[in-house]
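Architecture at a glance
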Amino acid sequence: MNIFIMGAPGSGKGTFSSRIKEEFDLNHISTGDIFRANIAGGTELGMQAKAYTEKGLLVPDEITNNMVKEYLSQLSDKKNGYLLDGYPRTLDQAKAFEKMTEGTDLMVDEIVVMDVPFDELTRRITGRRSCKHCGEIYNIYSKPPVKEGICDKCGSELSQRKDDNEESLKTRLEEYAKNTEPVIAYYEEKGMVKRIDATAGIEEIWPVLKEALSK
Ligand code: AMP
């Protein structure tokens, strides 16, 4: 099973990706996580991506497509497939991905879209904290850790993403409306999209999402 998980920033892609990958034993590829790891590691890819991600702009398609291609080609254990989180975000990426996977076992077969009203996203994004070590995601309003600033799972320090501020968020939402909504419309026309109402709490959404992916 090869899945794209799509949705606006703060719609729960990262939170649910960690559950989906475990439940269905998938390779999880998050383009945002890869960019952040490369920026932290000071790699060439990181240097190319830094200015864009900090402003909330999309990294150019060519850089992103090449990175995804390389990741897919390196998957030695294919597990039950992949979960691509945060990609494709433009029509150009969607079409490049089709070209790169056509006729292979890497073609996408499920697309889930996490739907959350735009006004709820700001609260989610500004309250988001994540573990530097294991990547577990918290929210100081809706899913606080037991001990402030510390990960419940592994005891490491929690941090806030540099782009999780209101200014970057505005740009990220604009990018989403301009570039990513047309991608969803493109897949909707092909009848491939499953929309999940992701407004409720994690424990209410999870069974619905799991059921949608099991069909
Ligand atoms: P995310 O963690 O998915 O919210 O992504 C964080 C940032 O990484 C985005 O705001 C973009 O700057 C960059 N990014 C992640 N995925 C993509 C993509 N598919 N295309 C272009 N830029 C991306």
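Definitions and limits used
Just so you know, the residues in each chain are numbered from 1, in the order the chain's sequence is written. In keeping with the predicted nature of the model, local features appear solely for residues at pLDDT of at least 70, side-chain atom pairs appear and are counted solely at 80 or more, and the whole-chain, interface and lining totals rest on all residues. In computing side-chain values, all of the structure's heavy atoms are included and hydrogens and water are not. Two strands qualify as a pair provided DSSP detects at least 2 bridges between them. Secondary structure elements are taken from DSSP: a helix is a run of H or I of four residues or more, a strand is a run of E of two residues or more, and numbering for both begins at the N terminus. Each axis is a line fitted through C-alpha atoms, and for a helix only the stretch in contact is used; angles between axes span 0 to 180 degrees, taken between their N-to-C directions. Contacts were defined at the residue level, with two residues in contact if any of their heavy atoms lie within 4.5 Å. In plain words, nonpolar cores are sets of buried Ala, Val, Leu, Ile, Met, Phe, Trp, Tyr and Cys residues tied together by side-chain atoms within 4.5 Å. Categorising residues by exposure relies on relative accessible area from a 1.4 Å probe, with only protein chains included: less than 20% of the type maximum marks a residue as buried, more than 50% marks it as exposed, and the intermediate range marks it as partly exposed. UniProt positions are given in the numbering used here, feature names are shortened, and annotations may be inferred rather than shown by experiment. What qualifies as a polar contact is a pair of N or O atoms within 3.5 Å, subject to a donor-acceptor requirement within protein and to the restriction that residues adjacent in sequence count only when both atoms come from side chains.

A look at the sheet that holds strand β1 (residues 3–7)
- Spatial ordering of the open sheet is given by β2-β3-β1-β4-β8, a layout of 5 strands whose pairing is parallel. What marks the edges here is a single partner per strand, and that holds for β2 (27–30) and β8 (193–197). Taking the axes of each pair of neighbouring strands and ignoring which way they run, one obtains an average angle of 20° across the sheet.
- Bridging between β1 and strand β4 (residues 110–115) involves 5 bridges; their strand directions are parallel. Residue pairing for β4: Ile3 is matched across the bridge by Glu110.
- Contacts from helix α1 (residues 13–24) reach β1, β2, β3 (82–85) and β4, with the element oriented near 160° to β1.

Things to note about the nonpolar core
- Core analysis: the biggest nonpolar cluster contains 49 residues, and Phe4, Ile20 and Leu209 have the highest contact counts within it.
- Excluding residues within four positions of it along the chain, Leu209 makes contact with Phe16, Ile20, Val112, Met114 and Ile196.

Some remarks on the UniProt feature "domain: Adenylate kinase active site lid" (unreviewed entry) in the protein chain
- UniProt records the feature "domain: Adenylate kinase active site lid" (unreviewed entry) at residues 128–163, using the numbering of this structure.
- Within residues 128–163, the helical portion is 0% and the strand portion 25%, while the C-alpha atoms at the span's ends are 11 Å from each other.

Digging into the UniProt feature "binding site: ATP" (unreviewed entry) in the protein chain
- UniProt's entry tags Gly10, Ser11, Gly12, Lys13, Gly14, Thr15, Arg128, Ile137, Tyr138 and Ala200 with the feature "binding site: ATP" (unreviewed entry), counted in the numbering of this structure.
- Within the secondary structure layout, Ser11 lies in the loop between β1 and α1.
- What makes Ser11 buried here is its relative accessible area of 1%.
- Look past the residues within four positions of Ser11 in its chain and what remains in contact with it is Met114, Val116, Leu121, Arg124 and Ala198.
- Only 2.7 Å separates the side chain of Ser11 from the backbone oxygen of Ala8, close enough to count as a polar contact.
- By the secondary structure assignment, Gly14 is in helix α1.
- Overall, Gly14 belongs to the partly exposed group, its relative accessible area being 29%.
- When residues no more than four places from it in sequence are discounted, the contact partners of Gly14 are Asp85 and Ile137.

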